[in-house]
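Summary of structural features
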Amino acid sequence: MERKIVAFSGAHGTGKTTAVYRMAANLKLEQTGSVGVILETARICPFPVLSATCDKPSQDAQMWIFTRQIQEEMQASRIYDVVVSDRTVLDSIAYTAAAGMNDLAYAMREVARHYAPIAYQSVYFRSLVDCDYCVNDGFRNQDVEFRRDVEWALLDLYDEMGIEVKHGY
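Residues numbered from 1 in each chain as written. Predicted model: local features only at pLDDT ≥ 70, side-chain atom pairs only at ≥ 80, totals over all residues. Heavy atoms only, no water.

1. Here we look at the packing of helix α3 (residues 89–98) against helix α4 (residues 102–119)
- The geometry of α3 relative to α4 is characterised by a closest axis approach of 9 Å and an angle of 165 degrees between their N-to-C directions. When the interaxial angle is binned, α3 and α4 end up roughly antiparallel. Viewed along their axes, α3 and α4 form a crossing whose handedness is left-handed. The segment α3 lies against α4, with V89, L90, S92, I93, T96 and A97 engaging N102, L104, A105, M108, R109, A112 and Y115.
- When grouped by side-chain class, the residues that make up the contact of α3 with α4 number nine nonpolar, three polar and one charged. (Axes fitted to C-alpha atoms, helices over the stretch in contact; angles between N-to-C directions. Helix = DSSP H or I, 4+ residues; strand = E, 2+ residues; numbered from the N terminus. Parallel < 35°, antiparallel > 145°, perpendicular 65-115°, else oblique. Left-handed = near helix turned anticlockwise from the far one by under 90°. Contact = heavy atoms within 4.5 Å. Nonpolar A, V, L, I, M, F, W, Y, C, P; charged D, E, K, R; others polar.)

Listed below in structure tokens is the structure:
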């Protein structure tokens, strides 16, 4: 798999999807190759996910989101010259760990340790400190402490995996 995914990462409500659309539009204007977009998979998960109405996601949901993210990235990388994603597989791991599913998060980390370094061309981290746009849309969990836990887990994961993150965009 060729490293051609540009991904945004961070807790929910930090403007990742907006940044994805902006970057994809700019890339389409700047280059001649094809540009694909991967949007958040949690909203289409068939299992209970962390949301405004569910404060404890299921292990099935976390596994589904994790594997679906990898599947979407691999498929899009085969089709497009560059792919812009509003998540990384590490985001799934951070949410799993923050939800207290440590054994599952560990297993996901072992898969990601082999996958992530070859998948991402670059990762842009969106921090709650700089970009707190979480709105009550009826789906997103509003718990600021949980979102901070996700953010810290993500930063630890990127450090552990040796993946450099960029700030901004």
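2. Concerning the packing of helix α2 (residues 59–79) against α4
- Between α2 and α4, the shortest axis-to-axis distance is 11 Å and the interhelical angle comes to 10 degrees. Comparing their axes, α4 and α2 come out roughly parallel. Residues Q59, Q62, M63, F66, I70, E73 and M74 of α2 lie in contact with α4, whose contacting residues are L104, M108, V111, A112 and Y115.
- Considering only residue class, the contact of α2 with α4 consists of nine nonpolar, two polar and one charged.

3. Side note on the sheet that holds strand β4 (residues 120–125)
- The parallel open sheet is built from five strands, whose spatial order is β2-β3-β1-β4-β5. Of all the strands in the sheet, just β2 (35–38) and β5 (165–167) have a single pairing partner and so form its edges. Geometrically, the sheet is characterised by an average inter-axis angle of 25 degrees between neighbouring strands, direction not taken into account.
- In this structure, strand β1 (residues 5–9) lies alongside β4, joined through five bridges in parallel fashion. Among the inter-strand pairings, F8 is bridged to a residue of β4, identified as Y124. (Pairing = 2+ DSSP bridges.)

4. Some thoughts on the side chain of Q69
- Mapped onto the fold, Q69 is located in helix α2.
- Given the relative accessible area of 1%, Q69 is considered buried.
- A polar side-chain atom of Q69 sits 3.1 Å from a polar atom in the side chain of S85.
- In this structure, Q69 is in contact with I38, T41, S85, R87, T88 and V89, ignoring residues within four places of it in sequence. (Buried < 20%, exposed > 50% of the residue type's maximum accessible area, 1.4 Å probe, protein only. Polar contact = N/O pair within 3.5 Å; in protein donor to acceptor, adjacent residues only side chain to side chain.)

5. Re α4
- Between its first and last C-alpha, α4 extends 24 Å over 18 residues, near the 26 Å set by a 1.5 Å rise per residue.
- Along its length, α4 reaches its greatest deviation from straightness, about 45 degrees, at A112.
- Inspection of α4 places L104, A105, M108, R109, A112, Y115, A116 and A119 among the buried residues, and these make up the whole buried set.
- Its buried side turned inward, α4 meets β1, α2, α3, β4 and α5 (144–161). (Expected span 1.5 Å × (residues − 1). Bend = angle between axes of the 7 residues up to and from the residue.)

6. Some remarks on the pattern of salt bridges
- For the structure shown, the criterion picks out seven salt bridges.
- Between E160 and R109 there is a salt bridge, with the nearest N and O atoms lying 3.4 Å from each other. In this pair, E160 is assigned in helix α5 and R109 in helix α4, connecting sequence segments 51 residues apart.
- Two residues, R113 and E160, come together in a salt bridge whose shortest N-O distance is 3.1 Å. With a gap of 47 residues between them, R113 in helix α4 and E160 in helix α5 connect regions that are remote in the sequence. (Salt bridge = Lys/Arg side-chain N within 4 Å of Asp/Glu carboxyl O.)

Function cannot be inferred from these measures alone, as they are strictly geometric.
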